[in-house]
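Residue-level listing of the chains:
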Amino acid sequence: MESWLGLMIGNSRLHWGLFEGEDFVYSWDSDYLLTPELPCPLNAHLPLHLASVVPSQTVLWQNYPNVKLISLENIALTQMYPTFGIDRALAVFGAGQVLGFPVLVIDVGTALTFTGADSNKALVGGAILPGLSMQMTMLEVRTGALPKVDLPQKLPSRWAINTPEAIQSGVIYTILAGIIDFVTSWWHDFPQSQVVMTGGNSTLIYSYLQSETPEIATHIVVQHNLIFWGMSFSCGARIPARPK
């Protein structure tokens, strides 16, 4: 069984997946690299299937041995537009292939994105807004007095009595309200649809959602490997990446 690597170059980090033939094994993340070298003790000549949303990083990998660039043309979704992000396409396609169409994917990463596809594997559309950390960072960077604030491990009080907690409350509760609104609207149009949350902050956001609206959270699946599920199908695998 031949091993191969999947690499998704995201807005903040490199996302890696190791496959054994048709089976997804595990994933890990690493920082951007200045030169194309594997951040792990793996054979440098493993086939590499590459998707990227960062052109400057893509260039570093174009001369890598056995590299194959995944594009929108490799993904069996219809109604995609030319600037549709390859990360969003892979995630919604992978989620639908494994969990069933229609499906809505909420990616809680550097950006927060909503991406939906219908039962005919056609892109319905979606939305993009700044993610949690980006919103908090911009308040610090673009104002004269607001401090740097970290994300709390538990849902904060809605009515804060100090500035850091007021920032946490404003960002978190506004994002939760947006998620609830998008999910509710999606279920109105696609009542039997799966809703899947992914991305670096998905576990944290999901815990907030469980505290705020458990009746919605209980119907949402958290899965960190959607992009690699999508890669497994786009690269010709017959067996879906196994949910873990």
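Residues numbered from 1 in each chain as written. Predicted model: local features only at pLDDT ≥ 70, side-chain atom pairs only at ≥ 80, totals over all residues. Heavy atoms only, no water.

1. Structural notes on the pattern of salt bridges
Pairs can form between side chains of opposite charge once their charged atoms are near each other.
So, point 1. Summed over the entire model, instances satisfying the criterion amount to two salt bridges.
So, point 2. One salt bridge in this structure joins Arg13 and Asp29, with 3.2 Å as the shortest N-O distance. Taken together, the residues span a long stretch of sequence, with Arg13 in the loop between strand 1 (3-9) and strand 2 (14-20) and Asp29 in strand 3 (residues 23-30) at a distance of 16 residues.
So, point 3. On the basis of relative accessible area, Arg13 is assigned to the partly exposed category, the value being 33%. (Salt bridge = Lys/Arg side-chain N within 4 Å of Asp/Glu carboxyl O. Helix = DSSP H or I, 4+ residues; strand = E, 2+ residues; numbered from the N terminus. Buried < 20%, exposed > 50% of the residue type's maximum accessible area, 1.4 Å probe, protein only.)

2. Regarding the pairing of strand 7 (residues 111-117)
So, point 1. For strand 7, the buried fraction is high: six of the seven residues fall into the buried class.
So, point 2. Here strand 6 (residues 103-108) pairs with strand 7 via six bridges, running antiparallel. For Asp107, the partnering residue across the bridge sits in strand 7 and is Thr113.
So, point 3. Taking the residues that link successive antiparallel strands as the turn, the strand 6-strand 7 hairpin has two residues.
So, point 4. Sheet topology places strand 7 next to strand 8 (residues 123-130); seven bridges connect them, and they run antiparallel. Its bridge partner being in strand 8, Ala111 is matched across the sheet by Pro130.
So, point 5. Between the end of strand 7 and the start of strand 8, which pair antiparallel, lie five residues, with Lys121 showing a positive phi angle near 60°. (Pairing = 2+ DSSP bridges.)

Taken by themselves, the reported measurements are silent on function.
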